[in-house]
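Read off the chains here:
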Amino acid sequence: MSSQRAWTLLVCTLLVLLPFGLSDFWIFIAIEVLAFALYALSFNLLLGFGGMLSFGHAAFFGVGAYSAAIFFKRSGLDVVWMFTLAPLVAMAVSATAAAVIGYFSVRRSGIYFSMLTFAFQMLLYTVALKASGLTGGDDGITGLKPPGVLGQPLGYYFYALCWCLPSVYLLRRLVLSPFGLTLRALKDDPLRVQYVGVHVRRHQWAAFVISAGFAGLGGALFAFSSGNVFPSWLNWTASATPVVMAVLGGVQSFYGAIVGAAVYVVLEVMISGKTEYWPLAMGIIIVLLVLLMPTGLVGRFKRAER
Amino acid sequence: MSTTASPFVLEARGISKRFGGLQALQNVDMQVKPGEFHAIIGPNGAGKSTFFNALTGLLKADEGEIHFDGRKVSGLAPHQLTRLGMGRTFQITRVFHGMTVLENVQVALSAHARQTWNGWTAAGGQHVARGLELLERVGLAAQAGRTARTLAHGDKKRLELAIALASQPKLLLLDEPTAGMAAKERLASIQLVHQVAQQLGVSCVFTEHDMAVVFAVASRITVLHQGKVLAVGQPQEVRASALVQQVYLGEPVAAGQAGAGH
């Protein structure tokens, strides 16, 4: 336990010191990692712990980003209230969307669950594309850069960190709690879980809603960092990102998704700077990593440790 | 109907179930008294599994009523039946393979304690003593830290029993508790169940193929044949029934094991 505490302290210290050693460009990338780590982590709560493969998780990242953006444009609050509330609004709206979508989706399991999440996501994608009065349609919503110190990469990095660290802590506690224990059991055998007295669908639904809330937070944090939101964030291709991140890091491990997100984002930046065929290179690297390390980077590392 | 004290812990009245053109169950009755060790037997296709699944809420009967512990429970979902005190195991063992043996039991204990909505407290330290006590009862305490996947088949069956017991059931329903075991293991296995059930005062209903197993522990037997109750009674009555012998017990093994365990 105490070694775990030491690790936590070390990682937190490194995260605080990190941006001071980075250029503005790389701080921007680090912010992206934070936002996507949260997104991947929330996704893996479903896949790695609950055994539920959501093909439509971009919906919640996107809904979070859009609701934060719309809140930013329309609420007219001063900057302190704005940036205190916007992420919470994003979480609430994403969770609400997930409450509806999840209500229907958890009625099916396996591939049918995945296809339902996929369908609902495409529905929301269409809304983002067509409801231009609210969402700006094709053009998305731009001009979301926060004013003042939050507009600076360093300032925004710490702002994002302030949201991410408590979120990771909460998710970690959730995974280790009786709720998380039940979720892990669900992954192994939902029928057996019914026969220990658990309302399985309700439990899956709750996990779905919680997961979407944190995905929405990731979306909001990323929206203010990149300064805009586009409908493509809700497109089905965007739903592949957290899948790849989680698998890359290792779905069995809680922190795997974070490592996967970091590796994915940094690789993407490095390769896309070199060649316009970066998706090809990225694809090859991912295939190789998955073939060589089926349990992911963290899984591989853990095995080597033993 | 009423919730006044019923002499039965479980009572099925007129259960019928049809699958397309197949009448799987037809007007099946069964009564289980507290403390009974009640076997459901019958040839393949007799409707044992269908009946079993109807009793445990996995399958909805077309007709009939099920009363458990003095209340009508037909139509209730599995998790509701479990909360009322009905535990079950499966013919093909169902445990949580990715978790440790102790965690398997902790899942059930934490559900029984209604803690599954607790998303804050660490679960690892909860119900450890009670979990180990249950594992001790089924002879798995030494394996508590192992991943369930690595257990031998018989040990998985015992683990599933421990999971079922963790919900403190009044009635335990075991679907083919000795399925997939070697002949030698079976008797020991059912005797363990019998012993644990008696220690804890749990009534038991089980389906079983192996007549040696049935006659070793059953205090009462319901014989199903082609979806109907062919006979009900104490083991010796059932064994003596000409009708039962004709359709089912004609096999020499039944006679050879006569009276075992009584």
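These notes cover the structure that comes with them.

Cut-off values and rules
Residues numbered from 1 in each chain as written. Chains lettered and ligands numbered in written order. Predicted model: local features only at pLDDT ≥ 70, side-chain atom pairs only at ≥ 80, totals over all residues. Pairing = 2+ DSSP bridges. Helix = DSSP H or I, 4+ residues; strand = E, 2+ residues; numbered from the N terminus. Axes fitted to C-alpha atoms, helices over the stretch in contact; angles between N-to-C directions. Parallel < 35°, antiparallel > 145°, perpendicular 65-115°, else oblique. Left-handed = near helix turned anticlockwise from the far one by under 90°. Contact = placed C-beta atoms within 7 Å. Nonpolar A, V, L, I, M, F, W, Y, C, P; charged D, E, K, R; others polar. Expected span 1.5 Å × (residues − 1). Buried ≥ 20, exposed ≤ 12 C-beta atoms within 10 Å, placed from the backbone. Core = buried A, V, L, I, M, F, W, Y, C linked by C-beta atoms within 7 Å. Domains from an automatic or database assignment.

1. Notes on the sheet that holds strand β5 (residues 71–72) of chain B
All names here are of chain B.
So, step 1. Read across the open sheet, the four strands follow the order β2-β1-β4-β5; overall the sheet is antiparallel. Two strands lie at the open edges of the sheet, namely β2 (22–32) and β5, each paired on one side alone.
So, step 2. Where strand β4 (residues 63–68) meets β5, two bridges bridge the pair, whose relative direction is antiparallel. Bridging from a neighbouring strand, H67 pairs with K72 of β5.

2. A word on the packing of helix α3 (residues 58–74) of chain A against helix α4 (residues 79–105) of chain A
Residues and elements named next belong to chain A.
So, step 1. Running from N to C, α3 and α4 point in directions that differ by 140 degrees, and their axes come no closer than 8 Å. Between α3 and α4, the crossing angle belongs to the class labelled oblique. Of the two elements, α3 crosses α4, and the hand of that crossing is right-handed. Counting all contacts with α3, which are made through A59, F60, V63, G64, S67, A68, F71 and F72, the residues of α4 involved are M82, A86, P87, V89, A90, M91, V93, S94, A97 and A98.

3. Points about the interface of chain B and chain A
So, step 1. Taken together, the contact pairs 31 residues of chain B with 23 residues of chain A.
So, step 2. Taken together, the elements giving at least two residues each to the side of chain B that touches chain A come down to α2 (78–84) and α3 (101–112) of chain B.
So, step 3. Looking at which element gives the most residues to the side of chain B that touches chain A, the answer is α3(B), with seven residues.
So, step 4. The residue makeup of the side of chain B that touches chain A, split by class, is twelve nonpolar, 15 polar and four charged.

4. Considerations on helix α5 (residues 111–130) of chain A
Residues and elements named next belong to chain A.
So, step 1. Here α5 contains 20 residues, and its C-alpha end-to-end distance of 28 Å stays within 8% of the 28 Å for a straight helix at 1.5 Å per residue.
So, step 2. Among all positions of α5, only F113, L116, T117, F118, F120, Q121, L124, Y125 and A128 are buried.
So, step 3. Residues of α5 that are buried make contact with α3, α4, α6 (132–135) and α11 (236–249).

5. Section: the environment of B:G131
All names here are of chain B.
So, step 1. Tracing the sequence through the fold places G131 in helix α4 (residues 128–137).
So, step 2. Between the C-alpha atom of G131 and that of L109, which follows or precedes it by 22 residues, the distance is 7.5 Å.
So, step 3. Among residues more than four places away in sequence, those in contact with G131 are L102, V105, Q106 and L109.

6. Notes on the environment of A:L234
All names here are of chain A.
So, step 1. Locating L234 in the fold gives a position in the loop between β2 (228–229) and α11.
So, step 2. A C-alpha to C-alpha distance of 16 Å links L234 and S211, two positions 23 residues apart in sequence.
So, step 3. Setting aside residues no more than four positions away along its own chain, L234 makes contact with A58, A59, G62, Q121, L124, Y125 and A128.

7. Comments concerning the nonpolar core
Within soluble globular proteins, side chains that are nonpolar tend to cluster in buried spots.
So, step 1. By size, the foremost hydrophobic cluster in this structure holds 178 residues, and its most contacted members are A:A37, A:A261 and B:A162.
So, step 2. Sort the elements by how many residues they give to this core and helix α2 (residues 24–49) of chain A lands first, with 18 residues.
So, step 3. Built from parts of two domains, this core gets at least three residues from each of domain 1 (10–94 + 172–256) and domain 2 (96–150) of chain B.
So, step 4. Apart from the residues lying within four places of it in its own chain, the contact partners of A:A261 are A:V33, A:F36, A:A37, A:A40 and A:M245.

8. A word on helix α1 (residues 48–55) of chain B
Residue and element names in this part refer to chain B.
So, step 1. Taking burial as the measure, the eight residues of α1 include six buried ones, the bulk of the element.
So, step 2. The complete set of buried residues in α1 reads K48, T50, F51, F52, A54 and L55.
So, step 3. Taken from the residues just after α1, G57 is the one with a positive phi, measuring 80 degrees.

9. Considerations on the packing of α3(A) against α5(A)
Residues and elements named next belong to chain A.
So, step 1. Running from N to C, α3 and α5 point in directions that differ by 30 degrees, and their axes come no closer than 9 Å. The angle between α3 and α5 places the two elements in the roughly parallel class. For α3 against α5, the interelement crossing comes out left-handed. Between α3 and α5, the contacting residues are A58, A59, G62, V63 and Y66 on the first element and F120, Q121, L124 and A128 on the second.
So, step 2. The residue inventory of the contact of α3 with α5, partitioned by class, reads seven nonpolar, two polar and no charged.

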